[in-house]
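Close look at the chain arrangement
The lines below spell out each chain.
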Amino acid sequence: MGKEPKEAGAKAPKGAKAAKGAAPADPTPEELAAAKMRLWVGRARAGGALLGFALGMWVCRRAGIPLVDATLRSLVGAAVLSLVAWWSTLLVIQALMRTAAAQRNQEIEVALAEAAASRADQIQRENEDVARRLRRHRGEPEAAAAAAESAEASS
């Protein structure tokens with residue numbers, strides 16, 4: 001009767017929390033970016049709601065609308081401006097993400113071009129070295145020495 005001991009290797013229930021002291025898994029960069037975006041969107045929505053409420057209340061009170069009606073209209077204004085701020089923030093984040101992706105692609109293209117140029121220079125130096133060794137192996141004079149000898153002969 002009572003609780004039976006758990007078998008070794010038995011899974012914990014879905015809602016069970018991890019043991020104290022257990023290190024949480026490190027979040028990936030995508031998870032960190034998503035958390036930042038949620039924070040930005042939440043702040044924008046809150047700011048839009050506050051601005052909508054304040055603006056609605058100010059307009060209604062200046063028009064002489066009773067307090068209860070002004071409050072209800074201000075709440076509607078808060079909801080509307082909250083949605084507008086949410087939508088605007090998503091558009092801005094989307095534009096920032098596109099810009100960052102385009103910049104990253106450009107950086108990759110530049111790095112690839114530099115690597116290709118570096119590799120081409122390295123291959124050219126290796127080809128010159130192999131040609132110099134081959135001429136030396138055949139007993140042909142070095143190009144610089146041959147140029148110097150021909151200059152002396154023509155003088």
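Worth saying up front: this structure is predicted, and the values here are computed from it rather than measured.

Cut-off values and rules
- Residues numbered from 1 in each chain as written.
- Predicted model: local features only at pLDDT ≥ 70, side-chain atom pairs only at ≥ 80, totals over all residues.
- Heavy atoms only, no water.
- Helix = DSSP H or I, 4+ residues; strand = E, 2+ residues; numbered from the N terminus.
- Buried < 20%, exposed > 50% of the residue type's maximum accessible area, 1.4 Å probe, protein only.
- pLDDT = per-residue confidence, 0-100.
- Salt bridge = Lys/Arg side-chain N within 4 Å of Asp/Glu carboxyl O.
- Polar contact = N/O pair within 3.5 Å; in protein donor to acceptor, adjacent residues only side chain to side chain.
- Contact = heavy atoms within 4.5 Å.

**Section: the environment of Leu 67**
Looking at where Leu 67 falls in the secondary structure, it is placed in helix α2 (residues 67-138). A relative accessible area of 53% places Leu 67 in the exposed class. Remark: the alpha-carbon pair of Leu 67 and Met 57, spanning 10 residues in sequence, is separated by 8.7 Å.

**Notes on the confidence of the model for the protein chain**
Residues at a pLDDT of 70 or more form 77% of the protein chain, whose mean pLDDT is 84. Mean pLDDT per element in the protein chain: helix α3 (residues 143-154) is the minimum at 65, and α2 is the maximum at 93.

**Remarks on the pattern of salt bridges**
Under the counting rule described, the total for this entry stands at three salt bridges. The salt bridge involving Glu 107 is made with Arg 104; its shortest N-O contact spans 3.8 Å. Separated by three residues within a single helix, Glu 107 and Arg 104 lie in helix α2, roughly one turn from each other. Given the relative accessible area of 39%, Glu 107 is considered partly exposed. One salt bridge in this structure joins Asp 129 and Arg 132, with 2.3 Å as the shortest N-O distance.

**Here's the deal with the side chain of Ser 82**
When you line up the elements, Ser 82 lands in helix α2. Within the structure, the side chain of Ser 82 is placed 3.3 Å from the side chain of Arg 45, a separation counted as a polar contact. Setting aside chain neighbours within four positions, we find Ser 82 in contact with Arg 45, Gly 48 and Ala 49.

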